[in-house]
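# Structural features, examined
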Amino acid sequence: MAIEQHNDVESREVTGLQDLQQPLIQHGKDIESNKRVENGSIGMVLLSTFVAVCGSFSFGTCVGYSAPTQAAIREDLNLSLAQFSMFGSLVTIGAMLGAVTSGRVTDFIGRKGAMRISTGFCITGWLAVFFSKDPYSLDMGRFFTGYGIGVISFVLMIVIGASVSFLIGSVLNWRQLALAGLVPCISLLIGLWFIPESPRWLAKVGMEKEFQVALRRLRGKDVDISQEADEILDYIETLQNLPKTKLLDLFQSKHLRSVVIGVGLMVCQQSVGINGIGFYTAETFVAAGLSSGKIGTIAYACMQVPFTVLGAILMDKSGRRPLIMDQSLLLEWVPVLAVAGVLIYVAAFSIGMGPVPWVIMSEIFPIHVKGTAGSLVVLINWLGAWVVSYTFNFLMSWSSPGTLFLYAGCSLLTILFVAKLVPETKGKTLEEIQASINS
């Protein structure tokens, strides 16, 4: 089924970028030889990394598009609040479908082929948004970009892409911002012509010759790749021999508590309202008391990236549970602090509730069920993102303080959930984590 296919790739195949993160195997004979090898392989590493960054950057620009454009799009196309809410939230439906089908697409045509299809959808979507004269073409464009980013949602730099959209969206109009969204897509499409296919995918589908060529291009022509090639083939064979897991297998007693933790963390992550705040940032700051949403949007963009980096640093120093619980406590103060509270909210989420649930997800499941479990939590996460992003404007129209107090209440429930059910996973083996979960 599609759910299993999606995460079959996630659990069994490492992306080309992850391949590049392996240490270079060098048996240098002299300094000049080493330099030639190093320069050749590093050049391909940098190019491949650039392509991956373009993919994640396009993800971020799509997610961040609605935040600075809400007022202008509603005015130009005469959209009701319900129509713009549908437009803003459709990206999550498209991304959910893209994430579900990405595994099958990637298995069939490879990583590069999947990224080309993703880019095609994104370009079509951005052009549809740019030429929109009515809500239908606008919605179709938003859905297409959502599907495109769903296919390539395993890469990095998403936060930076969203922040850049917030920043340039305060300068460009909404049609120009849609055209700006084409830039990372076109860069990605061009870059794909110059990088090799993922060696692990080539090995997985039995393309031995192409696998050797791709790996040599990544490592350098004078590097001995035989040992690494054998390790990759052994790794793939081991993973393919693992027992196949179906969705219903997750609800066996030995996996049930891990599933509850994984799904519960994703529900908590979305229920604190981040996609409502993030998708409609400008109008949120206006409702919080600022005369112009642009100031708040710029402040949001400037805070998001450094605090996300800070969260990554703190995660392995303070542990997973403290970051989630401390930031959830800060989120409860949003209704009281108004404008400053929204900024604190963004900073707190970027440190804790944003990245930590995904890290815990990767640590609590055995490898043979990680793919199927990952599919389930991804679906729950995107579904929650749709619910929050669609209902946010209606809730704010009902009562701005009431909406923020509602999210603050969800933050309190998150603290209780983490304190009661979520184990600390920092520095622990899978066996130790499983023992802690089942104790």
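Residues numbered from 1 in each chain as written. Predicted model: local features only at pLDDT ≥ 70, side-chain atom pairs only at ≥ 80, totals over all residues. Heavy atoms only, no water.

### Here's the deal with a negative patch on the surface
Convention followed: Candidates for patches are residues over 30% relative accessible area with no salt bridge; among them, like charges are joined within 9 Å and nonpolar side chains (Val, Leu, Ile, Met, Phe, Trp, Tyr) within 5 Å. For every accessible area listed, the method is Shrake-Rupley and the probe measures 1.4 Å; residues are considered covered only by the protein chains on display. Definition used for salt bridges: Asp or Glu carboxyl oxygen within 4 Å of a side-chain nitrogen of Lys or Arg. Asp and Glu are treated as the negative residues and Lys and Arg as the positive ones, with His and the ends of the chain left uncounted. We put the charge of a Lys on NZ, of an Arg on CZ, of an Asp on CG and of a Glu on CD. Counting from the N terminus, the helices are the DSSP runs of H or I reaching at least four residues and the strands are the DSSP runs of E reaching at least two. Burial status follows relative accessibility: with a 1.4 Å probe on protein chains alone, a residue under 20% of its type maximum counts as buried, one over 50% as exposed, and anything between as partly exposed.
A grouping of Asp230, Glu231, Asp234 and Glu237 is seen on the molecular surface, where their side chains present a negatively charged patch. As for its position among the elements, aspartate 234 is in helix 12 (residues 226-240). Overall, the relative accessible area of 46% leaves aspartate 234 in the partly exposed class.

### Here's the deal with helix 11 (residues 208-219)
Going by this rule: What a helix should span is 1.5 Å times the count of its residues minus one. Each C-beta atom gives one direction from the helix axis, and the arc is the one those directions make.
Counted at 1.5 Å a residue, the expected span for helix 11 with its 12 residues is 16 Å, and the 17 Å between its end C-alpha atoms agrees. Within helix 11, the full set of buried residues consists of Phe211, Ala214, Leu215, Leu218 and Arg219. An end-on view of helix 11 places all buried positions within 125° of arc, on one side of the element. Just downstream of helix 11 lies glycine 220, where phi reads positive at about 115°.

### Structural notes on the nonpolar core
Stated formally: Each nonpolar core is a collection of buried residues, namely Ala, Val, Leu, Ile, Met, Phe, Trp, Tyr and Cys, held together in the definition by side-chain atoms within 4.5 Å. The criterion used for residue contact is that any of the two residues' heavy atoms lie within 4.5 Å.
Counting 73 residues, the largest nonpolar core has Tyr65, Ile73, Leu138, Ile149 and Trp382 as its most contacted members. Residues contacting isoleucine 149, with those up to four places away along its chain left out, are Ser58, Phe59, Cys62, Val63, Val91, Ala95, Ser118 and Cys122. Core analysis: the second largest hydrophobic core is formed by 11 residues, Leu202, Phe211, Ala214 and Ile225 among them.

### Side note on the side chain of serine 89
What counts here: What qualifies as a polar contact is a pair of N or O atoms within 3.5 Å, subject to a donor-acceptor requirement within protein and to the restriction that residues adjacent in sequence count only when both atoms come from side chains.
Tracing the backbone shows serine 89 in helix 5 (residues 81-130). Looking at serine 89, its side chain comes within polar contact range of the main-chain oxygen of serine 85, at 2.9 Å.

### Overview of the confidence of the model for the chain
As a reminder of what qualifies: Here pLDDT means the predictor's own confidence in every residue, given as a number from 0 to 100.
Model confidence for the chain is summarised by a mean pLDDT of 79, while 82% of its residues fall at 70 or above. A low-confidence stretch, residues 1-40 stays under pLDDT 50, and its non-local contacts, those more than four residues away or across chains, total 87 contacts.

### Quick notes on the packing of helix 13 (residues 253-271) against helix 22 (residues 430-438)
Inclusion rule: For helices, the fitted axis covers only the stretch in contact; all axes are lines through C-alpha atoms, and the angles between them, taken along N-to-C directions, range from 0 to 180 degrees. Note that the term roughly parallel is reserved for angles under 35 degrees, roughly antiparallel for angles over 145, roughly perpendicular for angles of 65 to 115, and oblique for everything else. In this classification, the charged set is Asp, Glu, Lys and Arg, the nonpolar set is Ala, Val, Leu, Ile, Met, Phe, Trp, Tyr, Cys and Pro, and all remaining amino acids, among them Gly, are polar.
In contact at an axis separation of 10 Å, helix 13 and helix 22 are set at 90° when each is read in the N-to-C sense. Classified by the angle their axes make, helix 13 and helix 22 are roughly perpendicular. Contact with helix 13, carried on its side by Lys254, Arg257, Ser258 and Ile261, involves Gln434, Ile437 and Asn438 of helix 22 and no other residues of that element. Of the residues assigned to the contact of helix 13 with helix 22, the class counts are two nonpolar, three polar and two charged.

### Digging into a nonpolar patch on the surface
On the surface, a nonpolar cluster with roughly 380 Å² of combined accessible area is contributed by Leu167, Ile168, Val171, Leu172 and Ile298. Relative to the helices and strands, valine 171 is located in the loop between helix 7 (158-169) and helix 8 (174-180). Among the residues examined, valine 171 registers a relative accessible area of 68% and is labelled exposed.

### Some thoughts on helix 20 (residues 367-398)
The following threshold applies: The angle separating two fitted axes, one through the seven residues that finish at a residue and one through the seven that start at it, defines the bend at that residue.
Helix length check: helix 20, at 32 residues, gives a terminal C-alpha distance of 45 Å against a target of 46 Å (1.5 Å per residue), a fit within 8%. Residue phenylalanine 392 marks the point of greatest curvature in helix 20, where the axis turns by about 40°.

### As for unusual backbone geometry
If you check the backbone angles, asparagine 78 has positive phi at about 55° while not being a glycine. With respect to the helices and strands, the residue asparagine 78 is situated in the loop between helix 4 (66-77) and helix 5. Given the relative accessible area of 66%, asparagine 78 is considered exposed.

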